[in-house]
2 protein chains.
Amino acid sequence: MNNALYFQSGGVTAVIGATAAALIAAHREASTGRLFAAEHGLSGLLNEQLVDAGALPEPMRRALSQIPGGGLGSGRTLLQPFEENPAQWERVRDVLIKYQIGTVYVNGGNGSMDTAAKLVTLSDHYGLGLKVIGLPKTIDNDLEGTDTSPGFGSALKYLSVSLMEAARDHCAMATKPSVFIMEVMGRHTGWLASCGAVARLPEAIAAPLILFPEVAFDPARFTATVRERMAHTNAIVCVVAEGIRTADGRFYAQQNVATTYGHEQLGGAGFAVGELLRTELGVKVHVAVPDYLQRAARHLASATDIKQAEAVARHAVALAQSGQTGLMVNIVRESGLFDTPYRWHCGAVALAEIANRERCLPLHWINVPHYTLHADALNYLRPLVEGEVALPWTDGLPDYPWVEWPSV
Amino acid sequence: MNNALYFQSGGVTAVIGATAAALIAAHREASTGRLFAAEHGLSGLLNEQLVDAGALPEPMRRALSQIPGGGLGSGRTLLQPFEENPAQWERVRDVLIKYQIGTVYVNGGNGSMDTAAKLVTLSDHYGLGLKVIGLPKTIDNDLEGTDTSPGFGSALKYLSVSLMEAARDHCAMATKPSVFIMEVMGRHTGWLASCGAVARLPEAIAAPLILFPEVAFDPARFTATVRERMAHTNAIVCVVAEGIRTADGRFYAQQNVATTYGHEQLGGAGFAVGELLRTELGVKVHVAVPDYLQRAARHLASATDIKQAEAVARHAVALAQSGQTGLMVNIVRESGLFDTPYRWHCGAVALAEIANRERCLPLHWINVPHYTLHADALNYLRPLVEGEVALPWTDGLPDYPWVEWPSV
């Protein structure tokens, strides 16, 4: 059982390819075993859709580190409890044994870390002696047990820059009261909606109003706030998190519910808020929904985020090599919230402690009356978007080759 | 009447600030008169909301050249026919005389060029001897009489890069048939929808299906095409122009209300097409609507576009200085469509020839059965997105100062 397996699970990010590429490099240096990767997450393991990741030619490995979306294929299939699906457990066991896999690297968010934790139980159940290491990855930043997660900083940077740019457009056009709304992802948390406070925009002119999922959305109070602001400026800028709910706990707008994997596909909150303001205030409304663009914008990735995406991979390999299991690599902030420069290192946290939990934006960071964040939150957020990265460009477009994986 | 006036009209762009900054520099070199600018277009002229653009300090002028949205304020007020609004004409005359304005630079699209043409008539009517020069500007690329218009190349580059990135995300997640739709601007024309063909994506995996406004949208034929493609790939990528219409001439966005949301205004063309596919094919759909982001993304501007945005300003000043009037500066392509490198220079076209006309994508460039473009179109489009530009960044975000204009 000298080989290793890597797979991605849950929504991908702009820098997940950087994690995959760094893992391949670190594994090559540290191990004589082979490194396989499963396409489309756990389902690739179940279906033996494996590739020989360790054999990826070096130029392609370097390209992989720069392309968004991970280049491998992620998935949303989770490992179920043994009692509910013993056949799934046996299948996993058989594939692991067939390919002599002794180490599994799971690159994902809180649902995926539950699968990683269950793999530890599966290993004990069958006496496989498996080492299971989780690698954090989520644009939503909702993983517990880590200061931040690779993918978040780049998505936040993309949204902050986009908002700075779009707000200037909006202000240029606002000859009468009008509202620009940007709907952002983040599921049940407001980490990405923080872009409205991270963006550098003049307070008096275009300070965005942010609707966080952590605060119950009160349509009447919000409408009154917008009306009040219209007395001072024509150009209202709002950031609406996809997951906002009214006080009764219901999502303010829901695109549809994909129940297969227990994940709602959220969306539509921005339009719903736009419709509210249009109806109540008679204002013109523009709504932007960056959707996948916000988690795929590798051209605008944060250099800090990329460094962390690579570091978690190297640390994961080091943990496995030293015989550890049942851990997720985390990012530990060394510097205090008010200290510069930002310093961090990789550590580890028990999978059992963080699996399936969801970290929300701390309530004391939210300035509820003013629909924005307090300074503490900005001290936390700003270092995460720092640094720009160069990409290779040809004929005006970035070089994002399609990764051709060596077959097993 | 030794002074000049500049104003922006219609939707702004990522590079309109580059035109304004270049105009200020060229005017300083060429003229001893003052250069005023009207805030929010013609309405700024009518309301005497003027600033002393020529006195903009040099560091702020250089910053202006790099910020999206123009930094001045555009507007949609147009000059009406004399018979319909003689009071408006008298007001324009009075303001021009009060500020001793002998030259007017109108920076806009086809509607704005009609206002510029009417200003020539106004000058004749009152015997003002005004010189009126139009400067092209539109992300839609629908201005007649010019090879392209500043603003378009950058918007096209932004959309093409965004699509390349989002398609990789979409392919990574498509474990079952699913559709990603990007809705783009362009009004009645498909120039921006061309991003689906400009984006470098593997033909077999993710070649986008493009819905152009120039071709009547046939929901049944399109649904059949998507169903056919689903036999080969799970990941369908579509670009939907906001202005698509069915054969009866009606906008698709306005007829197919996205009932999922329960709000009529929620159904833009992209959502309407998404709802169609969801209903007919039972596929999962994600829709991105970049909205203002596509015309404001200065961080991803095309270097070619910026050069042209600056060149049209210098040429406008040269034309006015040589006593010409009633012209719009245009971009003339010197190289043939199949020649490299791309060569161009600035020329001029009579305002009367191009005002209020609308240039559509040539029908023979559209590959109707395959929902894409022929190679000729790509030869035209690709040079326009070429070249990347460096911006100053501080703490992870671009430096987009708010322009403080000197008062008159």
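Up top you'll find the structure we're talking about.
Please read these numbers as outputs of a predicted model, since none were measured by experiment. (Residues numbered from 1 in each chain as written. Chains lettered and ligands numbered in written order. Predicted model: local features only at pLDDT ≥ 70, side-chain atom pairs only at ≥ 80, totals over all residues. Heavy atoms only, no water.)

1. Notes on the pattern of salt bridges
Right, so step 1: In this structure the tally under the stated criterion is 32 salt bridges over all chains.
Right, so step 2: Between A:Arg91 and A:Glu48 there is a salt bridge, and its shortest N-O distance comes to 3.1 Å. With A:Arg91 in helix α4 (residues 86-98) and A:Glu48 in the loop between α2 (42-46) and β3 (50-51), the pair connects residues that are 43 residues apart, well separated along the chain.
Right, so step 3: Under the relative-accessibility criterion, A:Arg91 is labelled partly exposed at 31%.
Right, so step 4: Here A:Arg295 makes a salt bridge to B:Asp169, at a shortest N to O gap of 2.7 Å. On the criterion of chain membership, the pair formed by A:Arg295 in helix α11 (residues 293-296) and B:Asp169 in helix α6 (residues 152-173) is interchain, its members lying in two chains.
Right, so step 5: By relative accessible area, which is 8% here, A:Arg295 ends up buried.
Right, so step 6: Judged by relative accessible area, which is 0%, B:Asp169 ranks as buried.
Right, so step 7: Several salt bridges converge on common partners, so that one network encompasses A:Arg28, A:Glu58, A:Arg61 and A:Arg62. (Salt bridge = Lys/Arg side-chain N within 4 Å of Asp/Glu carboxyl O. Helix = DSSP H or I, 4+ residues; strand = E, 2+ residues; numbered from the N terminus. Buried < 20%, exposed > 50% of the residue type's maximum accessible area, 1.4 Å probe, protein only.)

2. Overview of the packing of aromatic side chains
Right, so step 1: Applying the stated criterion to the full structure yields 21 aromatic pairs over all chains.
Right, so step 2: Consider the rings of B:Trp191 and B:Trp365, whose centres lie 6.1 Å apart with planes at 90°: the pair is edge-to-face. Of the two residues, B:Trp191 sits in the loop between β6 (178-184) and α7 (195-198) while B:Trp365 sits in the loop between α14 (351-354) and β12 (366-367), which places them 174 residues apart along the sequence.
Right, so step 3: A residue is classified by how much of its surface remains accessible, and B:Trp191, at 2% relative accessible area, is buried.
Right, so step 4: Exposure remark for B:Trp365: the relative accessible area of 8% places this residue in the buried category.
Right, so step 5: Taken together, the aromatic side chains of A:Phe152, A:Trp191, A:Trp365 and A:Tyr380 make up a single cluster linked through ring pairs.
Right, so step 6: When the ring centre of A:Tyr126 is taken as reference, the NZ or CZ atom of A:Arg93 above it lies at 4.7 Å. (Phe/Tyr/Trp six-rings, centres within 6.5 Å; stacked < 30°, edge-to-face > 60°. Lys NZ or Arg CZ within 6 Å of the ring centre and 35° of its normal.)

3. Some details on the sheet that holds strand β8 (residues 235-241) of chain B
Residues and elements named next belong to chain B.
Right, so step 1: Taken together, four strands build an open sheet; the order of strands is β7-β8-β6-β9 and the sheet is parallel. Only two strands of the sheet have a single neighbouring strand rather than two, namely β7 (209-211) and β9 (284-288). When the angles between neighbouring strand axes are averaged without regard to direction, this sheet yields 20°.
Right, so step 2: In terms of strand pairing, β6 meets β9 through five bridges, oriented parallel. Note on β9: the bridge partner recorded for Ile181 is Val287.
Right, so step 3: Each of β6 and β8 is contacted by α6, which is oriented at about 165° to β6, the strand it contacts most.
Right, so step 4: Together, β6, β7 and β8 form the strand contacts of helix α9 (residues 219-230), whose direction differs from that of β7 by roughly 170°. (Pairing = 2+ DSSP bridges. Axes fitted to C-alpha atoms, helices over the stretch in contact; angles between N-to-C directions. Contact = heavy atoms within 4.5 Å.)

4. Overview of the interface of chain A and chain B
Right, so step 1: Of the residues lining the interface, 75 residues belong to chain A; the matching set on chain B comes to 73 residues.
Right, so step 2: Carbon and sulfur atoms supply 63% of the area buried between chain A and chain B, which totals about 6,200 Å² over both sides.
Right, so step 3: On inspection of chain A and its partner chain B, the count reaches four salt bridges.
Right, so step 4: The interface formed by chain A and chain B holds 29 residue pairs in polar contact (both at pLDDT 80 or more) in total. (Buried area = accessible area lost by both parts, 1.4 Å probe. Polar contact = N/O pair within 3.5 Å; in protein donor to acceptor, adjacent residues only side chain to side chain.)

5. Some words on the relation of the copies chain A and chain B
Right, so step 1: Under the fitted operation, chain A is carried onto chain B by 0.0 Å of movement along the axis and a turn of 180°, and the coordinates agree to an RMSD of 0.1 Å. Between the two chains, the operation in question is that of a two-fold axis. Relative to the rotation axis, the closest C-alpha in chain A is found at A:Val289, a distance of 2.4 Å.
Right, so step 2: With an isologous cut-off of 70% or more, the 91% of interface residues of chain A that recur at the interface of chain B puts this contact in the isologous class. (Least-squares fit on C-alpha atoms with pLDDT ≥ 70 in both.)

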